[in-house]
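Single-letter residue listing:
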Amino acid sequence: MKGSQAGVSKITTVASFVFLGLLALTMLVPLVWMICTSLMTRSEVLGGTLSVLPKVPQWQNYPKALTILPFWRFFLNSVIMTGSVVALQLAICSSAAYAFARLRFPGRRKLFMLYLATLMVPPVVTIIPAFLLIVELGWNNSFPALIAPFAGSVWGIFLLRQFFLGLPRDIEDAARIDGAGELTIFFRIILPLSKPVLATLAVFAATSTWQEFLWPLIVTDSMDMRPISVGVALYATQYELSPHYQMAAAVAAMIPMLAVFFFAQRYLVRGIALTGIKE
Amino acid sequence: MFSESTHGTKVLFVITAFLSGFCAGCSRRDIPVLRVANWAGPEEIAIEEKNLDDFRETHPDLRVVLEPIPRDYKQKILTSVAGRTAPDVFLLDAINVPEFLQAEVLLNLKPFIAELGVDIRQFHPTAFAIAQRNNTLYALPKDFTPLVMYYNKKLFDKAGIRYPSSDWTWDDFVELARRLTLDLDNDGRIDQYGTVAQPQFSTWAPWVWSNRGDFLDASGEKATGYLDGEATVAALQFLLDLEKKHHVAADSAVMKSLGGDLGMFLSGRVAMAVSGHWWMPQIKGLTEENEVQAGIAPIPVPSDGEHVTILYEAGWAVARQTRHPTLAAELAIHLSNETTNRRRCAQGVAIPANLALSREIIDQDVSGLEKVFFDEVRFAREPWGARVSHFSLLEKCAEEAFAAALLLNRDLRKELHLAAQRIDAELMKRSP
Amino acid sequence: MLLFAFSLTLVLAAAVVGLAATAKRASRREALCASGFLLPSLVYLGLFLAAPLAFSLYMAFHKWSIDAGAGSNPWVGLENFSSVFTGARSPYFWRALLNTALYTFLHVPASLAIALGVAIILNHLGRSRRFLQTIFFLPNLCLLAAVAVVWRWMYNPEIGLFNGLLRAFGVDARIGWLTSPKLIGGVLPLPLLSIVVMAIWMSFGVQAVIYLAGLRSIPQTYYDAARVDGANRWQTFRHVTIPLLKPTTLFLLVTSVIASFQVFTSIYVMVDETLLATHRADVLVYQIYDYAWISERNLGLASALSWILFLIVLSVTIVQFRLVGREVNY
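Residues numbered from 1 in each chain as written. Chains lettered and ligands numbered in written order. Predicted model: local features only at pLDDT ≥ 70, side-chain atom pairs only at ≥ 80, totals over all residues.

J.: Would you mind showing me how to read the overall build of chain C here?
T.: When its secondary structure is counted, chain C shows 15 helices and two strands. For the C-alpha atoms alone, the extent of chain C along its principal axes is close to 75 × 75 × 30 Å. With 330 residues in all, chain C has 49% of them scored as buried. (Helix = DSSP H or I, 4+ residues; strand = E, 2+ residues; numbered from the N terminus. Buried ≥ 20, exposed ≤ 12 C-beta atoms within 10 Å, placed from the backbone.)

J.: Can you walk me through the overall build of chain B in this structure?
T.: Helix and strand counts for chain B stand at 19 helices and 14 strands. Sorting the 432 residues of chain B into buried and exposed places 49% on the buried side. In chain B, of all internal contacts separated by at least 6 residues, the share reaching a separation of at least 24 is 73%. (Contact = placed C-beta atoms within 7 Å.)

J.: Looking at this structure, I do not really get the interface of chain A and chain C. What am I missing?
T.: Think of interface size as the accessible area that goes away when the parts come together; that is how it is often given. Facing the 83 residues of chain A at the interface are 83 residues of chain C. Elements supplying a minimum of two residues to the side of chain A that touches chain C: helix H1 (2–38), helix H4 (71–102), helix H5 (108–119), helix H6 (123–136), helix H8 (154–166), helix H11 (195–211), helix H13 (228–233) and helix H14 (243–268) of chain A. Here the side of chain A that touches chain C gets 13 residues from one element, more than from any other, and that element is H1(A). Partitioned by chemical class, the residues of the side of chain A that touches chain C number 61 nonpolar, 18 polar and four charged. (Nonpolar A, V, L, I, M, F, W, Y, C, P; charged D, E, K, R; others polar.)

J.: How should I be thinking about the pairing of strand E7 (residues 148–152) of chain B in this particular structure?
T.: All names here are of chain B. For E7, the tally of buried residues reaches five of five residues, placing the bulk of the element in the interior. Along E7, one buried face is formed by Val148, Tyr150 and Asn152 and the opposite face, lined by Met149 and Tyr151, is buried too. Where E7 meets strand E10 (residues 270–275), four bridges bridge the pair, whose relative direction is antiparallel. Bridging from a neighbouring strand, Tyr151 pairs with Met272 of E10. Sheet topology note: the E7/strand E11 (residues 294–297) ladder contains four bridges and is antiparallel. (Pairing = 2+ DSSP bridges.)

J.: Looking at this structure, I do not really get the confidence of the model for chain C. What am I missing?
T.: When pLDDT is low, close inspection of the predicted coordinates is not appropriate. Residues and elements named next belong to chain C. Per-residue confidence for chain C averages 83 on the pLDDT scale, and 95% of its residues sit at or above 70. No element of chain C has a lower mean pLDDT than helix H5 (residues 128–141), which averages 77, and none a higher one than helix H4 (residues 90–124), which averages 91. Predicted as a complex, the structure gets a pTM of 0.79 and an ipTM equal to 0.80. (pLDDT = per-residue confidence, 0-100.)

J.: Can you help me understand the packing of H4(A) against helix H2 (residues 25–60) of chain C in this one?
T.: When two helices pack together, their arrangement is given by the angle between the helix axes and the distance between those axes. In the contact formed by H4(A) and H2(C), the axes pass within 8 Å of each other and the chain directions differ by 135 degrees. One finds that H4(A) runs oblique with respect to H2(C). Considering the relative orientation of H4(A) and H2(C), their crossing is left-handed. From H4(A), A:Ala91, A:Ile92, A:Ser95, A:Ala96, A:Tyr98 and A:Ala99 reach across to H2(C), where they touch C:Ala34, C:Phe37, C:Leu38, C:Pro40, C:Ser41 and C:Tyr44. (Axes fitted to C-alpha atoms, helices over the stretch in contact; angles between N-to-C directions. Parallel < 35°, antiparallel > 145°, perpendicular 65-115°, else oblique. Left-handed = near helix turned anticlockwise from the far one by under 90°.)

J.: What is the right way to read the domain arrangement of chain B from this model?
T.: All names here are of chain B. Along its sequence, chain B is organised into domain 1 (31–144 + 312–381) and domain 2 (148–310 + 384–430). Using only C-alpha atoms to locate each centre, domain 1 and domain 2 end up separated by 28 Å. Broken down by class, the residue content of the side of domain 1 that touches domain 2 amounts to 14 nonpolar, four polar and three charged. (Domains from an automatic or database assignment.)

J.: Just checking my understanding: could you explain the packing of H4(C) against helix H11 (residues 246–261) of chain C for this structure?
T.: Residue and element names in this part refer to chain C. Where H4 contacts H11, the two axes come as close as 9 Å, and the packing angle between them is 145 degrees. In the crossing of H4 with H11, the sense of the turn from one axis to the other is right-handed. Residues Thr100, Tyr103, Thr104, His107, Val108, Ser111 and Leu112 of H4 lie in contact with H11, whose contacting residues are Leu252, Leu253, Ser256, Val257, Ser260 and Phe261. Considered class by class, the residues forming the contact of H4 with H11 number seven nonpolar, six polar and no charged.

J.: Teacher, can you tell me more about the sheet that holds strand E9 (residues 249–250) of chain B here?
T.: Paired through their backbone hydrogen bonds, the strands of a sheet run either parallel or antiparallel. Residues and elements named next belong to chain B. Here we have five strands laid out as an open sheet, ordered E9-E8-E10-E7-E11, and mixed in their pairing. With partners counted over all chains shown, the strands left at the sheet margins are E9 and E11, one partner each. Set on the sheet, helix H17 (residues 369–377) makes contact with E7 and E11; between it and E11 the angle comes to about 20 degrees.

J.: Help me understand the nonpolar core, please; the structure alone is not making it clear to me.
T.: Generally speaking, nonpolar side chains in soluble globular proteins are found buried as a group. With 311 residues, the main nonpolar core has A:Ala250 and C:Ala146 as its most contacted residues. With 17 residues, H2(C) is the single largest residue contributor to this core. Apart from residues lying up to four places away in sequence, A:Ala250 is in contact with A:Met34, A:Val232, C:Cys142, C:Leu143 and C:Ala146. (Core = buried A, V, L, I, M, F, W, Y, C linked by C-beta atoms within 7 Å.)

J.: Would you mind showing me how to read the environment of C:Thr255 here?
T.: All names here are of chain C. Following the sequence through the fold, Thr255 ends up in helix H11. C-beta crowding within 10 Å serves as the criterion here: with 20 such atoms nearby, Thr255 is assigned to the buried category. A C-alpha to C-alpha distance of 9.0 Å links Thr255 and Thr317, two positions 62 residues apart in sequence.

J.: Is there a simple way to think about helix H10 (residues 230–244) of chain B in this case?
T.: In an α-helix there are 3.6 residues to a turn, and that puts residues three or four apart on one side. All names here are of chain B. For H10, built from 15 residues, the straight-helix expectation of 21 Å at 1.5 Å per residue is met to within 8% by its first-to-last C-alpha distance of 20 Å. Along H10, the residues that are buried comprise Thr232, Val233, Ala235, Leu236, Leu239, Leu242 and Glu243. Buried residues in H10 make contact with helix H8 (170–179), strand E8 (193–196), helix H9 (205–210), E9, helix H18 (391–407) and helix H19 (412–430). (Expected span 1.5 Å × (residues − 1).)

J.: Explain unusual backbone geometry here, please?
T.: Trans peptide bonds make up the majority, and among non-glycine residues the majority have a negative phi. Non-glycine residue A:Asn141 carries a positive phi angle of around 60 degrees. Position of A:Asn141 among the secondary structure elements: in the loop between H6 and helix H7 (143–147). C-beta crowding within 10 Å serves as the criterion here: with 24 such atoms nearby, A:Asn141 is assigned to the buried category. Not every positive phi belongs to a glycine, and B:His247 is a case in point at roughly 55 degrees. You can see B:His247 is positioned in the loop between H10 and E9.

J.: Explain the domain arrangement of chain C to me, please; I cannot follow it from the model alone.
T.: Residues and elements named next belong to chain C. Once the domains are mapped, chain C shows domain 1 (2–60) and domain 2 (89–324). A separation of 33 Å is found between the C-alpha centroids of domain 1 and domain 2. Tallying the contact residues gives four residues for domain 1 and six residues for domain 2. The residue makeup of the side of domain 1 that touches domain 2, split by class, is three nonpolar, one polar and no charged.

Spelled out as structure tokens, the structure:
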């Protein structure tokens, strides 16, 4: 029985690697195409033939793309916007999730459902009232307008709450018996145990904020406030087609995000060491 | 890693971000600021900045900021008006003037013209008239263009065909398109098309008008009998047949990721296409590289039809809610003067509205193309968009009808009839 | 609007604190503490969600033209709501509802299944995991504008990758992945299927990472106990892994269904304009956009449809919770 199990497991291993390999390939193909397009001339891109590799790599597309529009300013705006949103979301979501997961109070279940309900609202229609609010606060075309609407995330609260629910209570109970207050438990026990999911939330908050397009488009007017997501769209308007520059800018914008993610992975899925807990 | 210190640093970061945002906002409020919006891409942005530099020099105590809007231009402007954050000066498409007028967001520039002594005779009368209403003026014309038929001389030469004459007919057009629709490498697939299907309303008017039809009645309030009238249906059916019956028009769908019909024209996949002067910058570039030789002809006319085309124009308007009306008007005037337009001619998106300048361009143009554009203006009518505020309704309903006929194989006449009824019903609802 | 938003938020906060104060004395301290923890999120939700939401509900009962200065916004009662179901454009609504439901049913299970598979395999890997994880996460790091351009090229009938591959295998394919009005099985427009594929491509990486986090937090002790009991791989998977992943699965299921019901940008950006004009490939949020900015230009109507969509999604979510979500306690 053991032998056949080993045989089966070998097949599954090979199968899984093939499966994974194919998937990974599908991830890479579009990226490769992006890079290739960024190195072509305009007529190559718009030409009618299926050309994947550029005839002559136009390396100068990159410095050109980064200078014809204020790319670095766009980039900085995105960094400030994303950094602030991540910090705020971590704070706001973890505190709310803790309340929902661990603290008892009347109406807890109903309030949580209410929170969840807000996830189902199409953003399309709240945009104009939210914009009016921003203007009345005098925040138009400034960082608070870019940051505040994303400062919290019910998705994040949901994610963290599910995770907190799964944490064994033993350590907390012990701490409570020792007389520790809620804040202490929150900061000293729950948060450190939650590094994987907090890192996960941070990564998702970062990538989704980086990608935000419609809202920044509405609340920013001047070039020096636009984030990179809007900036990239500026390369190709109705009358000026510059897909090669656009791809170059898009690739350039991706590199730092890639670095951040690669670096953040270390914290993403560390397992939780729970030695010494009685089953 | 998520120790208190990292938390603390992050909080500090956030506070700094907020503060810098606020401070940046604060410092700006001391000097008066003028904001200008347009829909420019990178090249045009560079040109406009230089134009603004001139103004900045003569107004050192003023801050002038250019704010290009990449997409959904009209939406963004209207939204900003609603939020009272509209730019002081903005580029306005002629087809949006009535809508903006109805929304009462435009400042009347007539008094400033007189006050600042602007000579309106420098402007082309047709372009100038578009933003005029009785005794008011809502925008200073920047540039304009009629719709014409572009054709690729190289493809004509290769096929040994003579270029279109200036009085060619619909039948001539179909014939030429047929001879230019070729399977070049004999693989059973057509590689080059005579023309391209253009399901956008903006290209239809010349065809419909030259067939003596129209979309709305003279008052612009009724569509039945016009949009679904004989002449209009015939014209639109003609366009439809180019793809469905004669198979000389490239599929509109392939266009999207190949740079649209411009991309197809530039790469030689399409021999003839209708468009405005805005294709010229891209074409000029490739002509220098000797890849495309463009010719321009008037849009063909049906036998015993009328020689007519449509005029598209853009002008500089001032927002009624601006805090500095005189300065904004001055800026709008500045942006429409000869010097600024001269700089734009380097790119050449459209014909400048300054008469003297446009004549200069024609004289200096070796290719003779500019003259064709200019001559066509004589036959150009202003679009419905410039006359009625419910233009988008007309546009959308008509496009829906055409799309249903093109893609779902519905009967065009029936679809247009339904569209006309819908438009009339909607207009009924809206009228007081 | 500002005053309204602030007062609404204040009311909400007061309500929660007040509610906490009604707890029995023994747990009152805990309840009040909870309200303290909830306060930041309440302020955020009050200002940027509750207030705009309430305002849009208000708009739904009016005819609210999007054009500034178009005059008054008269009260129309339930007219907006009824015209969604029975008005001139209602056939588009039903088509959009069908499309959205099909899109969701195709996208969610496929994406979750692939994500779970990937997560499990990744869980068993050692060093190469980090590298692979980055690769699977790539789509989320690219800006949507760029991704759209890439996929549109891949789906291009003449020079696109997919048709090119098909041709390499001898099939003379000029399939209009994003342009064909054909209905698969008589119901699903082909462009929607193409976008489902792209959506799965974009989402499973994120979901795999979450599943991985969930997998990694299952204490080894459970697995050890299972092995001691003599369970094989499949049994362990079925009786240990899956149940313990329930909170994660529920989370992913609920959030991705909600997101799928609200799909818009990819449709708007990728599907051919002319096909969009036939309304054959509409989804519900596209209808909302259409009502607001294109056809009716009536924010009241758009708000009404949004609230209808909201109720649909709410019911679906409640059903999901009932079916899957009985609290997993240890």
